[in-house]
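Analysis of the macromolecular model
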Amino acid sequence: MSPTSLYTPSKRGISIRSRAPKNILNVYSRLREENPQESISEIVRKVSGLTGISKITVFRLKKEKTLSALSSPGKKRPSAVGQRRRLVKYDDFTLSCIRRKIHGFFRNEIPTLSKVLKEINDDAKIFSKNISQSTLYRLLKDVGFTFEKRKTGCAS
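In this text the structure is predicted, and so the values were computed from the model without any measurement. Starting from 1, residues in each chain are numbered consecutively following that chain's sequence as written. Two thresholds apply to this predicted model, a pLDDT of at least 70 for residue-level local features and 80 or more for giving and counting side-chain atom pairs, whereas whole-chain, interface and lining totals are computed over all residues. Processing note: side-chain calculations cover all non-hydrogen atoms of the structure and skip hydrogens and water entirely.

**Brief notes about the layout of surface pockets**
Gaps between atoms show up when a probe of the same size as a water molecule is rolled over them. Buriedness for pockets is judged along seven lines, at least five of which must meet protein on both sides within 12 Å for an open set on the 1 Å grid over protein atoms alone, while cavities are sets there where a 1.4 Å probe fits but cannot get out, and lining residues have an atom within 4 Å of a point. Grid points are joined across faces, edges and corners, and a volume is the space filled by probe spheres set on the points. Of the voids in this model, the largest pocket is the one considered here, and its volume is about 540 Å³. If you go around the largest pocket, you meet 17 residues; those closest to its centre are Pro111, Thr112, Thr146, Phe147 and Glu148. Only runs of H or I of at least four residues qualify as helices and only runs of E of at least two qualify as strands under DSSP, and these elements are numbered from the N terminus. Counting only elements with at least two residues in the lining of the largest pocket, the list comes to helix H5 (92-105), helix H6 (113-122) and helix H7 (133-143). Residues are grouped as follows: nonpolar covers Ala, Val, Leu, Ile, Met, Phe, Trp, Tyr, Cys and Pro; charged covers Asp, Glu, Lys and Arg; every other residue, Gly included, is treated as polar. Of the residues in the lining of the largest pocket, the class split is 10 nonpolar, 3 polar and 4 charged.

**Digging into the environment of Gly52**
Relative to the elements of secondary structure, Gly52 occurs in the loop between helix H2 (40-51) and helix H3 (55-67). Spatially, the C-alpha atoms of Gly52 and Ile24 are 9.7 Å apart, while their sequence positions differ by 28 residues.

**Points about the confidence of the model for the chain**
Overall, the prediction assigns the chain a mean pLDDT of 78, with 74% of residues at 70 or greater. Per-element confidence in the chain is highest for H2, whose mean pLDDT is 89, and lowest for helix H4 (residues 85-89), whose mean pLDDT is 70. Residue-level confidence of the predictor, termed pLDDT, takes values from 0 up to 100.

**A closer look at the nonpolar core**
Counting 15 residues, the largest nonpolar core has Tyr90, Ile98, Val116, Ile120, Phe127, Ile131 and Leu136 as the members making the most contacts within it. Every element with two or more residues in this core is listed here: H5, H6 and H7. The biggest single contributor to this core is H5, with 5 residues. We call two residues contacting when some pair of their heavy atoms lies within 4.5 Å. If we ignore the near neighbours within four places in the chain, the residues touching Leu136 are Ile98, Leu113, Val116, Leu117, Ile120 and Ile131. Definition of nonpolar core: a set of buried residues of the types Ala, Val, Leu, Ile, Met, Phe, Trp, Tyr and Cys, connected through side-chain atoms within 4.5 Å. The buried label goes to any residue with under 20% of its type's maximum accessible area, the exposed label to any with over 50%, and the partly exposed label to all in between, with areas taken from a 1.4 Å probe on protein chains only.

Following this line, the structure appears as structure tokens:
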């Protein structure tokens, strides 16, 4: 009966964080001290087997250590919703004007993005210069409007 493994090999594409690089290099140093006659590639193979990290990663960590101090990749933080440049650039008055234009469409016809864009760009009171279709789409999403597919051309 073979003994159970105490480690799991690391998955591909997952970054090594916090103290793991230092621990891997400590294992490398210890094996290097205990076996000075063995080649570097043989020691790296042993480190890879003991830690569950690939040989290439061990070589990369060794190279990073010689060039500079070890650092782990930064955390990905969610974007700050309250600090979107669009919502800061366009004030509440402008957003309420856009909202009123869209609600005004529902009296006669269904608003489309191109129709709303033409209407807003024609009105000089809202914007001093024309905005693009993509900016308007993002503004509408930020304000709370959603796109809804209409069933046109269906016989009922």
